[in-house]
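If you want the building blocks of each chain, they are given just below.
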Amino acid sequence: MDYQTIMEKHGQFLFPSVINYHAEPIAFAKAKGLRLTDVNGVEYLDFFGGILTVSLAHCHEEVNAAIWAQMQTLGHTSTLYPNEPIVRLAEKMASLSPAGLDRSFFVNSGTEADETAITIAKTHAGGNGDIIALRHCYSGRSTLAINLCAHAPWRILPTQVPGIKHAHAPYCYRCAMKLTYPACDLQCARDMEELIRTETCGRVAAFIAEPILGVGGFIVPPEGYFEVATEIVRRYGGIFIADEVQTGFGRTGGKMNGFEQFGVTPDVVTYAKGMANGFPIGCTVATDEVAASFEGLTICTFGGNPLAMAAALATIEVMEREDVPARAQRRGAQLREGLEDMADHHRWVGDVRGMGLMQAMELVEDPGTREPAPARATALMEEAKAEGLLLGKGGLYGNVLRIAPPMLATEADIAEGLGKLKRAMARVR
Ligand SMILES: Cc1ncc(COP(=O)(O)O)c(C=O)c1O
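Residues numbered from 1 in each chain as written. Predicted model: local features only at pLDDT ≥ 70, side-chain atom pairs only at ≥ 80, totals over all residues.

## A few points about the domain arrangement of the chain
Inference 1: When its domains are assigned, the chain resolves into domain 1 (3-59 + 323-427) and domain 2 (61-322).
Inference 2: Centre-to-centre separation of domain 1 and domain 2, based on C-alpha positions: 24 Å.
Inference 3: At the interface, 36 residues of domain 1 touch 31 residues of domain 2.
Inference 4: For the side of domain 1 that touches domain 2, the elements supplying multiple residues, two or more each, are helix H2 (49-52), helix H11 (324-345), strand S11 (349-355), strand S12 (358-363) and strand S15 (400-403).
Inference 5: It is H11 that provides the largest number of residues to the side of domain 1 that touches domain 2, a total of 7 residues.
Inference 6: Split by residue class, the side of domain 1 that touches domain 2 holds 18 nonpolar, 11 polar and 7 charged. (Domains from an automatic or database assignment. Contact = placed C-beta atoms within 7 Å. Helix = DSSP H or I, 4+ residues; strand = E, 2+ residues; numbered from the N terminus. Nonpolar A, V, L, I, M, F, W, Y, C, P; charged D, E, K, R; others polar.)

As C-alpha cells, this is what we get:
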C-alpha cells in the first residue's frame, strides 16, 4: 500500500485521538536492528525503540525464531490450562525479582499490569486504604490508569476513580516546593506524611511509582527519595509498587530493575514494554502474601499465552547472554556525554538527565526562567526526522526529548545518532 492510501485509510478508520509525533506522519514498512524503513524507502535510526519497547533490536532473529517455533506447537490455551512456557517464564521472573517476590500474573500490557497491582494492593489492604501515585506519572489508558496519571492532557475525563492521591514528584529541575537538593532534605518525600494525614483516611493501600518517571520526561529522583517515601508509606500500612514498565529489563544501566538503583525493595513490581522485545506482554510480580490476598475467580484470556511467554523467555535469554544492563550502562554513558556536550552549545537545553539508555533533554526558552519550550521540542523532532533520526517526546509541557534506543545499540550506532542530533540541533532556532 502506498503512503497516500495508508494516510487516507488511517484518517478514515482510526480514532482521530491516536497521536503521532510529526506534522507529516511516517508510515513504516520494515525494520532490522536499529533501522526502520518507511513505505517510501527512507531509512531512520531508531532512538526511541517503539516507546522503550524494542529492548534488544528490531526483528531480532532469536526472539522471532522462538515465537515461530512456539507457534508450530502450542499457540493459545488461555490461563485455564497450565503449560510449560508460562511456568518457565514465571520461574525466570522470580529469579529476576528481589527475594520473596516469587508470584507472577501475566497480562498483555503495562496498563493491565498496573491495574492488577492496584487491585491486589486493595485486596491486600482489605479494601481499606487509599492509593498514592506521583504527580507527572503515567500508568496507562484504562479508566483506573488514566486516574492514576498525573498529566492533564492524558486525563481525558474529570477524575472518576476515588481513593487516589497524588504526591509531589521528585522533580528537582522544577521543584514544586521551590527548594534545592540536598538542602531541601527531601521535602517532596517527607510531604507524603502530610498528604496521608490530611488527604486520606490515614490508611494507605499502596504507593505506586516509576523509579524514573518516563512519560513525565525521564525525571530521576534524587538519592534517598525512595527510602524516605517508602518508609512513610509502610508506616501507614501501604505496600510499595514499583512500576518498571519503562525502567525494567536493564534500561537504567547496570541493573536489571530500575528500583535497584535507589536502594529500595518493592512488594509488587509491574513490567511490560521491553520484556518481550515488542511482543505484547505485561506482568505483575508480587510476594506470596500479597498474591494470596487476590481471592475469587480471575482469568486473563490472552495473558500468559505461550507465544508471549516464548518471546519473553528468548528476549531475557539474549539479555543475560549479552549482559544488556552492562551494555546499557556503557552506551548510556556515551550518549550522556554527547548530550551534555550539545547542551554546552545550546543554552535552550535546560537540563540533561537520565540513567543508562534512558536519557532526556528538557528544552527551555531561557535557562534562567526555565520557561518550557514545547515549540522548540517539536521543531527539533522535525529536524531530527529530516536527519533520519527518531526521538521521543514527553514531559507535562511537551518540552522534553526522550532518547532510548534499543539496547543492543553499538558504539557506532550511538555515535551516528549523536551526529544526526547535533546537526538537527544546529538548525533549530
Ligand atoms: C510507566 C508506565 N506504566 C504503564 C504504562 C502503560 O503501558 P501500556 O501502554 O502497555 O498499557 C506505560 C506506558 O507508556 C508506562 O510508561
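## Re the packing of helix H4 (residues 84-96) against helix H10 (residues 306-322)
Inference 1: Viewed as axis vectors pointing N to C, H4 and H10 meet at an angle of 40°, and their least axial separation amounts to 9 Å. For the element pair H4 / H10, the angle class is oblique. For the crossing formed where H4 meets H10, the hand is left-handed. Residues Pro85, Ile86, Arg88, Leu89 and Lys92 of H4 pack against Pro306, Met309, Ala310, Ala312, Leu313 and Ile316 of H10.
Inference 2: When its residues are assigned to classes, the contact of H4 with H10 shows 9 nonpolar, no polar and 2 charged. (Axes fitted to C-alpha atoms, helices over the stretch in contact; angles between N-to-C directions. Parallel < 35°, antiparallel > 145°, perpendicular 65-115°, else oblique. Left-handed = near helix turned anticlockwise from the far one by under 90°.)

## Notes on the sheet that holds S15
In a beta sheet, neighbouring strands pair by backbone hydrogen bonds and run either parallel or antiparallel.
Inference 1: Pairing is antiparallel in the open sheet, where 4 strands are placed in the order S11-S12-S15-S14. Edge positions in the sheet fall to S11 and strand S14 (392-394), since each has one partner strand and no second. Taking the axes of each pair of neighbouring strands and ignoring which way they run, one obtains an average angle of 25° across the sheet.
Inference 2: Bridge analysis of S11 against S12 gives 6 bridges, and the strand direction is antiparallel. If you follow Arg353 over to S12, its bridge partner there is Ala360.
Inference 3: Along the sheet, H11 makes contact with S11, S12 and S15, crossing S11 at roughly 175°. (Pairing = 2+ DSSP bridges.)

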